[in-house]
Amino acid sequence: MSDLARRTPFFGRERELDALADLYVEGTRLVTVTGAPGMGKTSFVEEFSRRANVENDIACEQVVFCDLSGSRTEADVVAALSAALDLHLGAGEGKESTSEVLGRAIE
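Keep in mind it's a predicted model, so treat the numbers as computed, not measured.

Caption draft 1: Main features of the overall build of the chain. Secondary structure summary: the chain contains four helices and zero strands in total. Starting at the N terminus and walking to the C terminus, you meet the elements of the chain as α-α-α-α. By the burial criterion, 21% of the 107 residues in the chain qualify as buried. Residue pairs at least 24 apart in sequence account for 40% of intrachain contacts in the chain once pairs closer than 6 positions are excluded. Only carbon and sulfur atoms are counted for the fraction: they give 51% of the accessible area of the chain, which is about 7,800 Å².

Caption draft 2: Focus on the environment of Phe11. Checked against the element boundaries, Phe11 lands in the segment before helix H1 (14–25). Along the sequence, Phe11 and Glu47 sit 36 residues apart, while their C-alpha atoms lie 9.9 Å from each other.

Caption draft 3: Region of the structure containing the packing of H1 against helix H2 (residues 41–53). Between H1 and H2, the shortest axis-to-axis distance is 11 Å and the interhelical angle comes to 60°. On the basis of the axis angle, H1 is oblique to H2. In the packing of H1 onto H2, the handedness of the crossing is right-handed. Counting all contacts with H1, which are made through Glu14, Glu16, Leu17, Leu20 and Ala21, the residues of H2 involved are Phe44, Glu47, Phe48 and Arg51.

Caption draft 4: View of the environment of Gln62. Relative to the elements of secondary structure, Gln62 occurs in the loop between H2 and helix H3 (74–84). Among residues more than four places away in sequence, those in contact with Gln62 are Tyr24 and Asn53.

Caption draft 5: A look at a nonpolar patch on the surface. Judged by side-chain polarity, Leu23, Val31 and Val33 come together as a nonpolar surface patch covering roughly 200 Å² of accessible area. Along the chain, Leu23 turns up in helix H1.

Caption draft 6: Representation of the pattern of salt bridges in the model. If you walk through the whole model with that rule in mind, you get four salt bridges. With a closest N to O distance of 2.9 Å, Arg51 and Glu14 form a salt bridge. With Arg51 in helix H2 and Glu14 in helix H1, this pair connects stretches of sequence that are 37 residues apart. Overall, Arg51 belongs to the buried group, its relative accessible area being 16%. For Glu14, a relative accessible area of 36% translates into the label partly exposed. Glu47 is paired through a salt bridge with Arg50; the nearest N and O atoms lie 2.6 Å apart. Highlighted residues: Glu47 and Arg50, both in helix H2, separated by three residues, approximately one helical turn. By the burial criterion, Glu47 is buried, and Arg50 matches it. A cluster of three or more residues bridged by salt bridges with shared partners is formed by Glu14, Glu47, Arg50 and Arg51.

The rules we used
The numbers attached to residues start from 1 for each chain and follow its sequence in the written order. Given that the model is predicted, a residue must reach a pLDDT of at least 70 before its local features are reported, and side-chain atom pairs must reach 80 or more before they are shown or counted; all residues, however, enter totals for whole chains, interfaces and linings. The basis for the side-chain values is all heavy atoms of the structure; hydrogens and waters are excluded. Secondary structure follows DSSP: runs of H or I at least 4 residues long count as helices, runs of E at least 2 residues long count as strands, and numbering of each begins at the N terminus. Remark: exposure states derive from per-residue accessible area (1.4 Å probe, protein chains only) relative to the maximum for the residue type, with buried under 20%, exposed over 50%, and partly exposed in between. By the convention used here, residues are in contact when the closest approach between their heavy atoms is within 4.5 Å. Only the protein chains shown count as covering a residue, and every accessible area follows the Shrake-Rupley method with a 1.4 Å probe. For helices, the fitted axis covers only the stretch in contact; all axes are lines through C-alpha atoms, and the angles between them, taken along N-to-C directions, range from 0 to 180 degrees. Small angles under 35 degrees read as roughly parallel and large ones over 145 as roughly antiparallel, with 65 to 115 read as roughly perpendicular and the rest as oblique. Crossings are assigned a handedness: left-handed for a near helix turned anticlockwise from the far helix by less than a right angle, right-handed for a clockwise turn. For patch detection, residues must exceed 30% relative accessible area and be free of salt bridges, and they are connected within 9 Å for like charges or within 5 Å for nonpolar side chains (Val, Leu, Ile, Met, Phe, Trp, Tyr). The working definition used for a salt bridge is a side-chain nitrogen of Lys or Arg within 4 Å of a carboxyl oxygen of Asp or Glu.

So, in C-alpha cells, the structure goes:
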C-alpha cells in the first residue's frame, strides 16, 4: 500500500509496536521482521510505518518500509533497498561500495 492506508482495521500487537518504537528511540535503524507466512508481518510493519509517519506517534524522522519478499538475490535486495530509500546507485560514482552507500543511508 503506497499511501499506507489500511483496508482493514489493525488490532492487537500493541506490545510489539511499542517494543519496535523503543528500539527506534534507542537508536536502532534497521529491523528485520521474520515469521511464518500469513502471520501478519507486512501488516505489522505497515501499521508501525503509518503510526510513525502519518500520526507521528513515534518520535522519529522517517520510517521506510522495504518489502523484500520478492528478493531472491543480493542484487534484488540492493534494488529494493535503494528504491525504498530513493537512492540512485550507479557504477563509477566514487570509491564507496554499494553496501557503504546503503549503510550510510540508514544511519
